[in-house]
Amino acid sequence: MSTHLCQIEVESFRERGYLGARRVLSEAEAMRCRRALEAFEAIRRDGARTPPLTDLHLLFRWAWDLVHDARIVHPVTDLLGPNVLLWGLNWFIKEARDGKFVTWHQDATYWGLEPHDVVTAWVALSDAGPATGPMKFIPGSHKGPILRHANTWEDDNLLTRGQMVEDAIDESSAMPAPLAAGEMSLHHVRTVHGSTPNMTDDRRIGLVLRYCATHVRQVKISRDTATLVAGEDTYGHFDLMQAPECDMGEREMARHRDSVVRTSRAIMG
Ligand SMILES: O=C(O)CCC(=O)C(=O)O
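Since the structure is predicted, the reported quantities are computational estimates derived from the model, not experimental observations.

S.K.: Account for the pattern of salt bridges, with residues named and values stated.
M.R.: Inspection of the entire model under this criterion finds 20 salt bridges. Among the ionic pairs, Glu-38 bridges to Arg-34, the shortest N-O distance being 2.9 Å. Here Glu-38 pairs with Arg-34, and both are found in helix α2 (residues 27–46), just four residues apart, close to one helical turn. Across the pair Lys-100 and Asp-156 runs a salt bridge whose closest N-O atoms are separated by 3.6 Å. Highlighted residues: Lys-100 in the loop between β2 (84–94) and β3 (102–105) and Asp-156 in the loop between β7 (149–151) and β8 (163–165), separated in sequence by 56 residues.

Dropping the structure here:
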């Protein structure tokens, strides 16, 4: 089976600003990634100075391979063109019945990436079915303006500042994108999206991979980091990161720290 999107899927993304479930990993591969994540989480629970979960591709070979996986990257190149960077890797994890949610928002409002040739691959490493609080999208919202957002700083909001669209959202048009473990959805950086709490007895683990075309710039800080995953980078707008030579080596930890600090400065700035 082709790893690329067909023309109908590309057109649907352009029209609606997102694409729903597409299988990219087998259930067994998703489970292996989940176990690798959970092994790292266990180290973090034990250790005082362990690194954050952000940008794990700079620390672990399994994560580096995953962000370069053709089954994820080819569909992204179909939407962004042949030259693509990974700007960041992050997680949206809702523990069983923990009440966490994500308010309606547009990613473009706080990342500092311009122009908006930026796509998120949301990869489910556990079941992300209807009862887990899967992602919901407002179709076509990526074609509209950037909406006004307020920072709510709510404890149970998974967003860094609890940012939330202030303008009225027509929730009746919202489309849920439930995923099985190993499936991904794709969404445009301007698409309004959010999610409700996980009402199941398992964790809902979303791995979010933020990809952008190489011509995109970071406008909030002078030099941000990124990883080339397809084609070539003739623009040089980002400092390109290298593959980890070993898992959690000293050099890897230093590069990881640097990348995380710079990106969080951009997000929080
Ligand atoms: O996982 C969620 O429910 C929200 C994810 C999200 O906001 C994002 O990927 O930008």
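Having seen the structure, we can now continue with the description.
S.K.: Got a sec to walk through the packing of aromatic side chains? Specific residues and values, please.
M.R.: Under the defined criterion, the tally for this structure stands at five aromatic pairs. Where Phe-40 meets Phe-60, the ring centres are 5.2 Å apart and the plane angle is 70°; that geometry is what we call edge-to-face. Of this pair, Phe-40 sits in helix α2 while Phe-60 sits in the loop between α2 and α3 (61–68), and the two are 20 residues apart along the sequence. A single burial state applies to Phe-40 and to Phe-60, both of which are buried. Taking 5.2 Å as the distance between ring centres and 45° as the angle between the ring planes, the aromatic pair formed by Trp-87 and Trp-111 counts as tilted. Of the two residues, Trp-87 sits in strand β2 while Trp-111 sits in the loop between β3 and β4 (113–114), which places them 24 residues apart along the sequence. Grouped by ring-pair contacts, the aromatic residues Phe-40, Phe-60 and Trp-62 constitute a single cluster.

What counts and how
- Think of each chain on its own: its residues are numbered from 1, step by step along the sequence as written.
- Under the rules for a predicted model, residues below a pLDDT of 70 receive no local features and side-chain atom pairs below 80 are neither given nor counted, while totals for whole chains, interfaces and linings still include all residues.
- Side-chain metrics rest on all non-hydrogen atoms present in the structure, leaving aside hydrogens and water.
- Within this document, salt bridges are pairs made up of a side-chain nitrogen of Lys or Arg and a carboxyl oxygen of Asp or Glu, the two lying within 4 Å of each other.
- Secondary structure counts use DSSP, requiring at least four H or I residues in a row for a helix and at least two E residues in a row for a strand, with both numbered from the N terminus.
- Classification of ring pairs rests on two measures: the distance between centres of Phe, Tyr or Trp rings, Trp counted by its six-membered ring, which must be within 6.5 Å, and the angle between planes, read as stacked under 30 degrees, edge-to-face over 60 and tilted in between.
- Accessibility here uses a 1.4 Å probe with only protein chains present; expressed as a share of the type maximum, an area under 20% marks a residue as buried, one over 50% as exposed, and anything in between as partly exposed.

Nothing here speaks to function; it is geometry throughout.
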